[in-house]
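# Remarks on the overall topology
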Amino acid sequence: MRKIMGTREALAALAIPSVIPVTYADVADLARLVPADAPHQGLVAEVDALEEVWLGDLLEQGAGDRRPLLVLDKVTDPHNVGAILRSAAAFDALGIVTQDRHAPPESGALARAASGALELVPWVRVVNLARALDEVADAGFWRVGLTGEALQTLAEAMGGQRVALVLGAEGEGLRHNTAAHCDELARLPISARVESLNVSNAAAVALYAVVTRPL
């Protein structure tokens, strides 16, 4: 943290180390420092950017454990990605992988939806998602793409190996080339009364299924 700005009331509630510069400001000044969709609640902090994470390093870090990996194909809504990060933290996922040009920036809206998970879950941005999925397979993951058109359920498809869950954007779903780089396609066994789940809800349900499967 480089510095923190806030109202006197908000700052009075915090025990701030003396090495962090503090600036008092009114609510209107703080509002000009943040996007409209990122309420400041009386405090704004200037912090260093998160360290960049490389796919090879993440896969090497997770070698030997069974934590699931999430791969997102053109999921661009920051609220969805933030909610997925929160579920990934809750179910101790190894990390998430997105294509750099088809993913939202690390914005205030995304961070708020993630509720702190943006700083807990490694987020890898790659140039080529198909190539990344090949690398994921080489690391020993069974790549399961979620799509409502699949004949088998996730429980039937994932087996007992390490699982990488591949999820597509709402509406469009998995792109053909992404689906072609999955080992299995599977669906969640939802009622016929609804066509599909929100992608962040689907990610949470799928993560629960993976971490609670019998060994």
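## A look at the pattern of salt bridges
Here the structure, examined in full by the defined rule, presents ten salt bridges. Linking aspartate 134 and arginine 143 is a salt bridge whose minimum nitrogen-to-oxygen distance equals 3.6 Å. We classify aspartate 134 as partly exposed; its relative accessible area is 35%. Through salt bridges with shared partners, a single network forms among Arg2, Lys3, Glu46 and Asp48.

## Details of the environment of valine 194
Looking at the element boundaries, valine 194 is found in the loop between strand 9 (184-186) and helix 9 (199-211). The exposure class assigned to valine 194 is partly exposed, which follows from its relative accessible area of 45%. Separated by 180 residues in sequence, valine 194 and leucine 14 place their C-alpha atoms 46 Å apart.

## Observations concerning the pairing of strand 7 (residues 141-146)
Most of strand 7 is tucked away, with five of its six residues classed as buried. As defined by bridge partners, strand 7 adjoins strand 8 (residues 162-168) across five bridges and the pair is classed as parallel. Counted as the bridge partner of phenylalanine 141 is arginine 162 from strand 8. Of the strand pairs in this sheet, strand 7 and strand 9 are connected by three bridges, and their pairing is parallel. Residue glycine 145 lies in a different strand from strand 9, and its bridge partner there is leucine 185.

## Some words on the side chain of histidine 181
Within the secondary structure, histidine 181 is located in the loop between helix 8 (176-180) and strand 9. On the basis of relative accessibility, which here comes to 18%, the residue histidine 181 falls in the buried class. For histidine 181, the side chain forms a polar contact with the main-chain oxygen of asparagine 177, separated by 2.8 Å. Sequence-distant contacts of histidine 181, that is, excluding residues within four places in its chain, are made with Ala130, Leu133, Asp134 and Arg143.

## Things to note about the packing of helix 4 (residues 78-90) against helix 9
Between two packed helices, the angle of one axis relative to the other and the distance separating the axes together describe the packing. One way to put it is that helix 4 packs onto helix 9 with a least axis distance of 8 Å and a crossing angle of 15 degrees. Here helix 4 is positioned roughly parallel relative to helix 9, judged by the angle of their axes. Seen along the crossing, helix 4 lies across helix 9 with a hand that is right-handed. Contacts from Asn80, Ala83, Ile84, Ser87 and Ala88 in helix 4 reach Val199, Ser200, Ala203, Ala204 and Leu207 in helix 9.

About the criteria used
- Residues numbered from 1 in each chain as written.
- Predicted model: local features only at pLDDT ≥ 70, side-chain atom pairs only at ≥ 80, totals over all residues.
- Heavy atoms only, no water.
- Salt bridge = Lys/Arg side-chain N within 4 Å of Asp/Glu carboxyl O.
- Buried < 20%, exposed > 50% of the residue type's maximum accessible area, 1.4 Å probe, protein only.
- Helix = DSSP H or I, 4+ residues; strand = E, 2+ residues; numbered from the N terminus.
- Pairing = 2+ DSSP bridges.
- Polar contact = N/O pair within 3.5 Å; in protein donor to acceptor, adjacent residues only side chain to side chain.
- Contact = heavy atoms within 4.5 Å.
- Axes fitted to C-alpha atoms, helices over the stretch in contact; angles between N-to-C directions.
- Parallel < 35°, antiparallel > 145°, perpendicular 65-115°, else oblique.
- Left-handed = near helix turned anticlockwise from the far one by under 90°.

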